[in-house]
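# Tertiary structure, described
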Amino acid sequence: MTGMDEMHVFDRAAVRRHRDRAAATVGGVAEVLADAAERLLDRLDDTSRRFGRALDVGGRGVVAPLLRARGLHVVSCDLSARMAARSGGPCVAADEECLPFAPASFDLVVASLSLHWVNDLPGALIQLRQALAPDGLLLASLPALGTLAELRAALTEAEAALTGGAAPRVSPFPDLRDCAGLLQRAGFALPVADVEEIALLYADPLALLRDLRAAGEANAVALRDRRAPPRALFPLALAGLPEQDGRVRASLRLAMLTGWAPAEGQPKPAARGSGTVSLADVLKKE
Amino acid sequence: MTDPVSAAPPPHAPVDPRLLEILVCPLTKQALTYDRVRNELVSRAAGLAYPIRDGIPIMLPEEARKLDDA
């Protein structure tokens, strides 16, 4: 191990470079991103609350138009200014770990598949909560454990076969239970985390890698192996991906997170000792 | 947003006024002042000036200009 700070799992400069580069290519994967965003925004239909001002975090030009279509004023931010500019509206270059927004600037924050390269996720969530007005809503989706599991397994196996070792080539993803806990720790009320699965089928396994790169999702794990991988690695790994009707399958397992900025009048658990009926009495009646 | 005093139009792409209302220094979370001439958002508390490029405020400390103490 190096003496690297354990909080720095990801190389943020690399994340920014990948997103800068991907600003030109992300249109090619807009369909998948829009599908994921729509599933997240569906949660807006579950609430009667109306929202006016929205912050789009890392929406890659896909989320902002969807929010505007719902009549919201949208500000977009991205670590890459070029990627932020794809939003087509007011935007800023900003680091999710160090956000530049005044308290209570928004009623809604949407982070669709954009927080998984953040080192300090609890810190980012706290700052997003502070940017929300009381009773404001956070909607966030993250790839959860199980995402790209096929690719991860195939790469690890192929690399072990070739070199006897394996470097991290797919980002580590949190599990669903961690996600709900994170929201709670960041001070969100009524936190909910659930999972949606999107299965992608590729006729050409190389297209999967091309799409990941096009979306700005190339490997940015700080401890990644920076040397060129063995030439045989990707062919061997891709040949090892499970097939379905002649096509390879890539699973996206998305953790959908919702949490509210605390406010008076929100449903809360009753205070301890405030009950007026004894549970013992209720149970005795049986 | 045009300045009636200056004869020449400002050379910079205009920044959305709504952004100026909500942006704070990412490090200190203090208010910023908009330097129209240099086209920067200045954080006195952090001693940094954040550039605005093509109308996009670049709120990244590593991209900001350090202010001289003069």
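Residues numbered from 1 in each chain as written. Chains lettered and ligands numbered in written order. Predicted model: local features only at pLDDT ≥ 70, side-chain atom pairs only at ≥ 80, totals over all residues. Heavy atoms only, no water.

### So, the overall build of chain B
- On a plain count of helices and strands, chain B comes out with 1 helix and 5 strands.
- Along chain B, helices and strands appear, N-terminal first, in the series α-β-β-β-β-β.
- Split into buried and exposed, the 70 residues of chain B put 37% on the buried side.
- For chain B, long-range pairs separated by at least 24 residues make up 27% of all intrachain contacts whose partners lie at least 6 apart in sequence.
- Taken as a whole, chain B presents about 4400 Å² of accessible surface, with 54% of it coming from carbon and sulfur. (Helix = DSSP H or I, 4+ residues; strand = E, 2+ residues; numbered from the N terminus. Buried < 20%, exposed > 50% of the residue type's maximum accessible area, 1.4 Å probe, protein only. Contact = heavy atoms within 4.5 Å. Areas by Shrake-Rupley, 256 points an atom, 1.4 Å probe, with all protein chains shown as cover.)

### With respect to the overall build of chain A
- Counting its secondary structure elements, chain A contains 10 helices and 8 strands.
- Over its C-alpha atoms, taken along the principal directions, chain A stretches across nearly 70 × 55 × 45 Å.
- Across the 286 residues that make up chain A, the buried fraction comes to 49%.
- Of the contacts formed within chain A by residues at least 6 apart in sequence, a portion of 79% connects residues at least 24 apart.

### Quick word on the confidence of the model for chain B
- Averaged over every residue, the pLDDT of chain B is 86; the share at 70 or more is 81%.
- For this predicted complex, the interface confidence score (ipTM) comes to 0.85, while the overall pTM stands at 0.83. (pLDDT = per-residue confidence, 0-100.)

### Focus: the state of the cysteines
- In this structure the tally under the stated criterion is 0 disulfides over all chains.
- C25(B) supplies the cysteine sulfur nearest to C98(A), a cysteine that is in no disulfide, at a spacing of 7.4 Å. (Disulfide = S-S within 2.5 Å.)

### Concerning the nonpolar core
- In this structure, L67(A), L108(A), V110(A), L139(A) and L151(A) are the most contacted members of the largest nonpolar core, which totals 48 residues.
- Residue contributions to this core peak at 6 residues, all from strand β8 (residues 247-260) of chain A. (Core = buried A, V, L, I, M, F, W, Y, C linked by side-chain atoms within 4.5 Å.)

### Structural notes on unusual backbone geometry
- Phi at L113(A) takes a positive value of approximately 50°, unusual for a residue other than glycine.
- A positive phi is found at N39(B), a non-glycine position, where the angle reads about 55°.
- Inspection of the secondary structure puts N39(B) in the loop between β1 (33-35) and β2 (40-43).

### Structural notes on the side chain of H18(A)
- Inspection of the secondary structure assignment puts H18(A) in helix α1 (residues 12-22).
- When near neighbours in sequence (up to four residues on either side) are disregarded, H18(A) contacts G216(A), A218(A), N219(A) and A220(A).

### Observations concerning the interface of chain A and chain B
- At the junction of the two partners, chain A supplies 20 residues and chain B supplies 17 residues.
- Both faces considered, chain A and chain B share a buried interface measuring about 1500 Å² in area, 66% of it formed by carbon and sulfur atoms.
- Counting the surface chain A buries against chain B, the share from its top three residues, R16(A), C98(A) and P100(A), is 30%.
- Applying the counting rule to chain A against chain B returns 2 salt bridges. (Buried area = accessible area lost by both parts, 1.4 Å probe. Salt bridge = Lys/Arg side-chain N within 4 Å of Asp/Glu carboxyl O.)

### Observations concerning the packing of helix α5 (residues 121-131) of chain A against helix α7 (residues 176-185) of chain A
Residue and element names in this part refer to chain A.
- It is the contact of α5 with α7, at a shortest axis distance of 9 Å, that shows an interaxial angle of 50°. Considering their axes alone, α5 and α7 lie oblique with respect to each other. Seen from above, α5 lies across α7 with right-handed handedness. Here L121, P122 and L125 of α5 come into contact with α7, specifically with L182, L183 and R185. (Axes fitted to C-alpha atoms, helices over the stretch in contact; angles between N-to-C directions. Parallel < 35°, antiparallel > 145°, perpendicular 65-115°, else oblique. Left-handed = near helix turned anticlockwise from the far one by under 90°.)

### Re the pairing of strand β4 (residues 106-112) of chain A
Residue and element names in this part refer to chain A.
- Within β4, 7 of the 7 residues are buried, which leaves it mostly tucked inside the rest of the structure.
- Where β4 lies against strand β5 (residues 132-143), 6 bridges are found, and the strand directions are parallel. By the bridge assignment for β5, V110 is matched with L139.
- One crossover worth recording links β4 to the parallel β5 by way of α5, and it is right-handed. (Pairing = 2+ DSSP bridges. Right-handed = clockwise from strand over helix to strand, strands pointing away.)

### What to know about the pattern of salt bridges
Residue and element names in this part refer to chain A.
- For the structure shown, the criterion picks out 19 salt bridges over all chains.
- A salt bridge links R53 to D107; the shortest N-O distance between them is 3.0 Å. Linking R53 in strand β1 (residues 53-57) with D107 in strand β4, this pair joins segments that are 54 residues apart in sequence.
- Each of the salt bridges in this network shares a partner with another, and the network as a whole consists of D35, R39, R43, D194 and E196.

### Some details on α1(A)
Residue and element names in this part refer to chain A.
- All buried positions along α1 are accounted for by R12, A14, V15, R16, H18, R19 and A22.
- Contact partners of the buried residues in α1: β2 (73-78), α4 (81-85) and α8 (205-214).
- Regarding α1, its N-cap is D11, as a side-chain oxygen of that residue lies 3.2 Å from the backbone nitrogen of A13 further along. (Polar contact = N/O pair within 3.5 Å; in protein donor to acceptor, adjacent residues only side chain to side chain.)

### So, empty space enclosed by the protein
All names here are of chain A.
- This model, assessed by the stated rule, comprises 1 cavity of 30 Å³ or more.
- The computed volume of the largest cavity comes to approximately 50 Å³.
- If you trace the largest cavity, you find it lined by L33, A36, G58, G59, R60, V62, V63, S112 and L113.
- Looking at the lining of the largest cavity, its residues break down into 5 nonpolar, 3 polar and 1 charged. (1 Å grid on protein atoms, 1.4 Å probe; cavity = no way out; pocket = protein on both sides within 12 Å on 5 of 7 lines; lining within 4 Å. Points joined across faces, edges and corners; volume = space filled by probe spheres on them. Nonpolar A, V, L, I, M, F, W, Y, C, P; charged D, E, K, R; others polar.)

### Remarks on the packing of aromatic side chains
All names here are of chain A.
- Under the criterion given, the structure shown has 3 aromatic pairs over all chains.
- An angle of 80° between the planes, with centres 5.4 Å apart, marks the rings of F101 and F106 as edge-to-face. Taken individually, F101 and F106 each receive the classification buried, so the pair is uniform in this respect. (Phe/Tyr/Trp six-rings, centres within 6.5 Å; stacked < 30°, edge-to-face > 60°.)

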